[in-house]
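Spelled out from the first residue to the last, the chains are:
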Amino acid sequence: MNTKISSVLKSVEKPGRYCGGEYGAIIKNKDEVKARFAFAFPDTYEIGMSNLGMRILCGALNEQPDIWCERVFCPWVDMQQKMRELDIPLWAHESGDPVSEFDILGFTLGYEMCYTTVLAMLKMAKLPLRADERAEDDPIVIGGGACAYNPEPMADFFDCFSIGEGEDNLVEFTKLYIRMKEEGRYTRQGFLHEAAATIRGIYVPSLYDVSYNEDGTISAIARRFEDIPERVEKCIIADMDKAYYPDKLVMPYIEAVHDRIMLEVYRGCIRGCRFCQAGMIYRPVREKTPDLLNKQARCLYDNSGYEEISLMSLSISDYTELEPLTRSLLEWTDRNMVSLSLPSLRVDSFNKELMERIASVRTSSLTFAPEAGTQRLRDVINKNVCEEDLMHAARVAFEGGKTNVKLYFMNGLPTETSEDIEGIATLASRVVHEYYQTPNRPKGRSPQVTVSVSCFIPKPFTPFQWEAQDTMEMLAEKQEFLREKITDRKVRYQHHNAKVSRVEAVLARGNRKLCKALEIAANEGFCFDAWDEFFDYDKWLSVFARADVDPAFFANRQFGLDEILPWDIIDCGVTKEFFKREREKAYAAATTPNCREQCSGCGANRLGGERTPCPKACRGQHEG
Amino acid sequence: MKDNEKRFTLPMLEAPRTMRIRFQKTGNLQYISHLDLQRTFSRILVRAGLPLWYTKGFNPHIKMVFGMPLPVGSESECEMLDVRIEREMSAEEMMERLNAEVTDELRVLAVYPAERKFAEVAFAEYDYTIRTERADEALAEKISDTLQAPLTVLRRTKSGEKETDIQPMIRSAAVTLDGDAIRIHAVLSAGEGNYLNPELLITALRAKTGILSSDLTKESYRILRRRVLLADGVTEFH
Ligand code: SF4
């Protein structure tokens with residue numbers, strides 16, 4: 001490690017964040033590899049090490065003998081201070097080498113509020129913020145992750161984006177880089193152009209021109225070359241059984257937020273909640289087979305020693321082979337004192353005997369996300385749970401000795417009325433009531449129901465992508481109204497900061513005009529906006545004003561159905577027609593069956609996929 | 001493929017046996033706190049496939065007992081951890097299996113049945129290396145004199161901060177000059193209830209002599225715990 005870095009470790013908080021040397025960390029000889037990839041997570045070490053995507057992608061890249069992929073995290077503010085004092089540039093975790101020396105610098109963009117941290121990291125790396133100011137031998141800066149589905153607010157800062165699932169795509173991208181270097185025909189622009197033209201899912205913003213109408217909406221998005229796609233289609237791993245999955249883990253010494261084996265069971269979601277971006281952009285559903293999962297879990301356990309395995313997916317109960325998988329896991333996990341946890345398990349859907357053997361069921365609280373307070377509004381958002389489901393889950397939990405219930409809701413959903421908000425209070429009280437109606441409830445204890453309410457954020461690639469977010473005043477009023485309606489002393493009420501949600505909405509639905517605002521923010525030292533203690537709404541308003549950005553235009557405006565949306569440049573597989581249909585059904589409070597009950601023709605099946613509920617479709621010209 | 005399941009085939013012991021693992025904690029690992037080390041070791045023990053004994057009851061867990069604490073920022077060649085096994089496995093095999101699961105900075109140096117109690121530890125031997133541009137004979141002498149005289153420092157105790165004279169807890173301290181470094185070979189109290197945090201010596205020297213208070217890229221120090229000793233101050237504790 002760089003001696004300057006080690007010299008300050010004794011004087012920073014949690015030096016374990018920076019010291020590296022973890023068991024399982026991949027060290028290669030930098031002179032023997034052909035490309036060095038710096039994979040950056042724009043948050044602290046503890047959070048980054050909990051990210052499954054980062055683990056998978058670093059592993060996939062490091063499988064290649066020619067490529068050395070290292071991790072990069074954002075140093076905490078005390079370390080940033082030391083870096084300024086001693087002129088230490090941002091470094092890669094394994095080698096300690098400056099990030100600016102790498103060939104490719106990748107950022108995972110998991111949430112909008114990380115954007116300022118990304119830019120702060122570019123500054124710490126002493127790289128130009130803007131892609132068009134980077135020199136020929138600066139690293140290629142690429143972004144990916146959920147937020148890359150609307151990359152436009154960050155378009156000026158990234159050389160390119162990888163849209164969709166990166167396991168194969170990033171390797172292909174890096175191999176093209178190596179090939180062009182070896183053949184002596186590498187130029188920055190030449191490489192980006194060729195990548196855009198030949199690799200599915202690669203979006204190079206500088207190769208597309210965006211023009212605007214007088215009212216600020218987009219008039220056209222035009223590609224600059226005929227050989228690059230008009231719309232960039234996301235890439236997926238068709239057969240999840242063949243997807244790269246790490247069999248060894250880097251073991252953090254300091255505790256990561258999720259410090260356990262994360263076993264990804266399937267991708268996508270059959271449900272189709274209308275506010276949920278993840279449920280749309282990860283379509284189609286593709287399952288892994290239980291045999292393979294069991295083998296992977298065993299291998300990960302042997303190589304990590306973790307005492308907990310968590311089955312990961314958007315809605316675990318929807319996995320068709322959940323019972324065989326759980327059974328085969330329990331065969332060895334019990335004996336080895338490993339606990340199994342199944343987050344988001346729907347209690348009504350699972351065999352009682354297996355359930356009792358699963359750790360998450362033994363914890364002291366039940367979490368449930370009705371999202372809306374009335375059946376009408378739940379139908380609007382296509383959240384397929386009814387009050388009876390909740391009461392049933394609560395009863396089972398109380399009988400099992402639990403007393404705490406946490407309920408998640410959203411304020412500001414389209415068509416919401418005061419009745420819907422009052423419904424949240426009523427529903428919470430009913431859960432309390434249910435407790436006292438349960439004959440074999442825990443003796444001598446009282447229930448605690450926590451109502452946690454977030455603010456609706458219209459997200460790209462959802463049926464609600466056109467909707468206006470409630471203004472801050474409306475949200476504040478609704479939050480106050482609900483506070484008054486919650487009179488039950490057994491019910492605790494928490495709500496999210498509406499200011500954060502508003503900035504998030506602006507960034508989520510922003511276009512390239514936002515780049516200017518983000519650049520000003522970066523130059524003023526914004527960082528860690530995902531952390532409450534650093535988020536400053538007034539500063540954001542000031543930044544927007546100076547960049548000539550009206551936050552209401554992006555957050556609180558109803559977008560036109562015929563308007564060209566900033567993210568129209570991306571094709572996530574699901575068609576706009578489907579989103580429009582779903583939107584209409586929402587306003588009619590009509591539900592849509594889940595993908596397993598009946599296909600609703602969202603279009604994602606044309607991407608292909610194995611072990612999927614989707615009807616077969618021909619893949620068209622991209623096939624092969 | 002690992003043979004982590006092999007342990008289930010080994011012969012049962014009549015009673016759980018306590019095995020002592022002596023390991024080093026050097027380099028990057030000096031920055032890992034005690035709590036993090038505990039978690040790290042519980043996973044190493046599992047990966048190594050040792051026939052560990054688990055507590056009975058609602059929440060079965062393994063028993064780990066560490067020797068004396070080591071402050072974050074100090075290195076050591078003599079850390080100790082006691083674990084209990086319930087089936088027969090040789091100490092050599094245990095050591096081999098453990099060393100396959102650690103990085104060199106946490107290398108296991110010995111494994112053997114625990115005999116002495118940790119309570120018998122009375123002293124620990126440390127090597128301090130202080131690198132500073134100001135290193136010369138005069139500074140070495142000044143440090144040496146400082147360590148002989150009463151040496152009050154602010155110590156954090158359960159009942160708040162307290163001024164204590166740590167000099168009586170320094171059994172011996174030999175100061176030498178070695179190029180641009182000052183070396184201190186010190187034997188400090190380390191018994192239960194009478195444990196001197198080796199970092200406090202640096203704190204005291206910083207206050208009394210002004211070393212290590214400027215630019216940390218120009219001045220640095222390293223603390224290495226070498227051995228732990230019994231009450232006679234000579235015999236090594238195993
Ligand atoms: S194509 Fe049909 S089954 Fe497949 S994801 Fe879309 S709606 Fe669901």
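Rules of the game
- Residues numbered from 1 in each chain as written.
- Chains lettered and ligands numbered in written order.
- Predicted model: local features only at pLDDT ≥ 70, side-chain atom pairs only at ≥ 80, totals over all residues.
- Heavy atoms only, no water.
- Phe/Tyr/Trp six-rings, centres within 6.5 Å; stacked < 30°, edge-to-face > 60°.
- Helix = DSSP H or I, 4+ residues; strand = E, 2+ residues; numbered from the N terminus.
- Buried < 20%, exposed > 50% of the residue type's maximum accessible area, 1.4 Å probe, protein only.
- Lys NZ or Arg CZ within 6 Å of the ring centre and 35° of its normal.
- Near = heavy atom within 4 Å.
- Nonpolar A, V, L, I, M, F, W, Y, C, P; charged D, E, K, R; others polar.
- Pairing = 2+ DSSP bridges.
- Axes fitted to C-alpha atoms, helices over the stretch in contact; angles between N-to-C directions.
- Contact = heavy atoms within 4.5 Å.
- Buried area = accessible area lost by both parts, 1.4 Å probe.
- Salt bridge = Lys/Arg side-chain N within 4 Å of Asp/Glu carboxyl O.
- Polar contact = N/O pair within 3.5 Å; in protein donor to acceptor, adjacent residues only side chain to side chain.
- Core = buried A, V, L, I, M, F, W, Y, C linked by side-chain atoms within 4.5 Å.
- Left-handed = near helix turned anticlockwise from the far one by under 90°.
- Domains from an automatic or database assignment.
- Patch = residues over 30% accessible without salt bridge, like charges linked within 9 Å, V, L, I, M, F, W, Y side chains within 5 Å.
- Areas by Shrake-Rupley, 256 points an atom, 1.4 Å probe, with all protein chains shown as cover.
- Lys, Arg positive; Asp, Glu negative; His and termini not counted.
- Charge placed at Lys NZ, Arg CZ, Asp CG, Glu CD.

**Student:** I keep staring at the packing of aromatic side chains and nothing clicks. Help me out?
**Tutor:** To describe a pair of aromatic rings, one takes the distance between the centres and the angle between the planes. Taken as a whole and judged by the stated rule, the model has 32 aromatic pairs over all chains. Geometrically, the ring pair formed by A:F107 and A:F158 is edge-to-face, given 6.0 Å between the ring centres and 85° between the ring planes. Separated by 51 residues along the polypeptide, A:F107 in strand 3 (residues 104-108) and A:F158 in the loop between strand 4 (140-144) and strand 5 (160-162) bring together distant segments of the chain. As far as burial versus exposure is concerned, A:F107 and A:F158 are alike and both buried. Measuring from centroid to centroid gives 5.9 Å for A:F456 and A:F464, while their planes differ by 85°, and the two rings are edge-to-face. An identical accessibility class is assigned to A:F456 and A:F464; each is buried. Members of the aromatic cluster, each reached through a chain of ring pairs, are A:F107, A:F158, A:F161, A:Y203 and A:Y208. The side chain of A:R557 reaches across the aromatic face of A:F553, ending 4.0 Å from its centre. Here the guanidinium or amino end of B:R171 rests over the ring plane of B:F123, the centre of that ring lying 4.9 Å away.

**Student:** Honestly, the site of the ligand in this entry has me stumped. Any pointers?
**Tutor:** Lining the immediate surroundings of the ligand are A:R283, A:C595, A:C599, A:S600, A:G601, A:C602, A:N605 and A:C614. Grouping the constituent residues of the shell around the ligand by class yields four nonpolar, three polar and one charged.

**Student:** How do you make sense of the sheet that holds strand 10 (residues 261-264) of chain A when you look at a structure like this?
**Tutor:** Two strands in a sheet stick together by hydrogen bonds in their backbones, pointing the same way (parallel) or opposite ways (antiparallel). Residue and element names in this part refer to chain A. The parallel open sheet is built from three strands, whose spatial order is 10-13-14. Because the sheet does not close on itself, it has two edges, and the strands there are strand 10 and strand 14 (339-341). On average, each strand axis in the sheet is tilted by 25° relative to the strand beside it, whichever way the strands run. Sheet topology places strand 13 (residues 308-312) next to strand 14; three bridges connect them, and they run parallel. Looking across to strand 14, one finds that E308 is bridged to S339.

**Student:** So what exactly am I meant to see when it comes to the interface of chain A and chain B here?
**Tutor:** When the parts of a complex come together, some accessible area is lost, and that lost area is often taken as the interface size. On the chain B side, the residues contacting the 32 residues of chain A number 33 residues. With both sides pooled, the region where chain A packs onto chain B buries about 2700 Å², and carbon together with sulfur makes up 56% of that total. When the area that chain A buries against chain B is broken down by residue, the three leading residues are A:K10, A:Y23 and A:Y253, summing to 28%. Summed over the shared surface of chain A and chain B, the number is six salt bridges. A salt bridge links A:E255 to B:R39, with the nearest nitrogen and oxygen atoms 3.3 Å apart. Applying the counting rule to chain A against chain B returns 13 residue pairs in polar contact (both at pLDDT 80 or more). Looking at the side of chain A that touches chain B element by element, the count peaks at five residues for helix 9 (residues 290-304) of chain A.

**Student:** Whenever I open this one, the nonpolar core confuses me. Can you help?
**Tutor:** One recurring pattern in soluble globular proteins is that nonpolar side chains are buried together. Counting 194 residues, the largest nonpolar core has A:F107, A:F173 and A:L311 as its most contacted members. Residues contacting A:L311, with those up to four places away along its chain left out, are A:L263, A:V265, A:I316, A:L322, A:L325, A:L329, A:S341, A:L342 and A:P343. B:L139, B:I143, B:L147 and B:I211 belong to the second-largest nonpolar core, a separate cluster that totals 40 residues.

**Student:** Would you mind going over the packing of helix 16 (residues 472-485) of chain A against helix 17 (residues 498-508) of chain A with me for this structure?
**Tutor:** In a packed pair of helices, the relevant descriptors are the angle between the two axes and the axis-to-axis distance. All names here are of chain A. The interhelical angle for the contact between helix 16 and helix 17, taken along N-to-C directions, is 145°, at an axis separation of 10 Å. Note on packing geometry: the crossing formed by helix 16 with helix 17 is right-handed. Two secondary-structure elements touch here, helix 16 through M472, L475 and Q479 and helix 17 through A498, K499 and R502. Partitioned by chemical class, the residues of the contact of helix 16 with helix 17 number three nonpolar, one polar and two charged.

**Student:** Is there a simple way to think about the sheet that holds strand 15 (residues 365-371) of chain A in this case?
**Tutor:** All names here are of chain A. Spatially, four strands are ordered 15-16-17-18 in an open sheet, and the strand pairing comes out parallel. If you trace the sheet from one side to the other, it starts and ends with strand 15 and strand 18 (491-495), each paired once. Each neighbouring strand pair of the sheet contributes to a mean axis angle of 20°, computed without reference to strand direction. Two elements, strand 15 and strand 16 (residues 404-411), share five bridges in a ladder whose sense is parallel.

**Student:** Would you explain the packing of helix 14 (residues 387-399) of chain A against helix 15 (residues 418-437) of chain A in this entry?
**Tutor:** Residue and element names in this part refer to chain A. Where helix 14 contacts helix 15, the two axes come as close as 10 Å, and the packing angle between them is 40°. Our pair here, helix 14 against helix 15, has a crossing hand that is right-handed. In contact with E387, L390, M391, A394, R395 and F398 of helix 14, helix 15 contributes L427, R430, V431, E434 and Y435.

**Student:** Quick question: what am I supposed to make of helix 4 (residues 199-209) of chain B here?
**Tutor:** All names here are of chain B. If you check which residues of helix 4 are buried, you get E199, L200, L201, I202, A204, L205 and T209. Among the structural elements, strand 5 (123-131), helix 3 (137-148), strand 6 (152-157), strand 8 (170-178), strand 9 (181-191) and strand 11 (220-229) are those in contact with the buried residues of helix 4. Phi for G210, located one or two positions after helix 4, is positive at around 80°.

**Student:** Hey, could you run me through the domain arrangement of chain B in this one?
**Tutor:** All names here are of chain B. Segmenting chain B into domains produces domain 1 (3-115) and domain 2 (120-229). One C-alpha centre belongs to domain 1, the other to domain 2, and the line joining them spans 30 Å. With twelve residues of domain 1 at the interface, the matching set in domain 2 holds 14 residues. Scanning the region where domain 1 abuts domain 2 turns up three salt bridges. Where E79 meets R225, a salt bridge forms, and the shortest distance between an N and an O atom there is 2.8 Å. Linking domain 1 with domain 2 are eight residue pairs in polar contact (both at pLDDT 80 or more), by the criterion used here. Considering only residue class, the side of domain 1 that touches domain 2 consists of seven nonpolar, two polar and three charged.

**Student:** Explain a negative patch on the surface here, please?
**Tutor:** All names here are of chain B. A contiguous patch of negative charge on the surface is contributed by D136, E137, E141 and D145. Its place among the elements puts D136 in the loop between strand 5 and helix 3. Judged by relative accessible area, D136 falls into the partly exposed class, the value being 37%.

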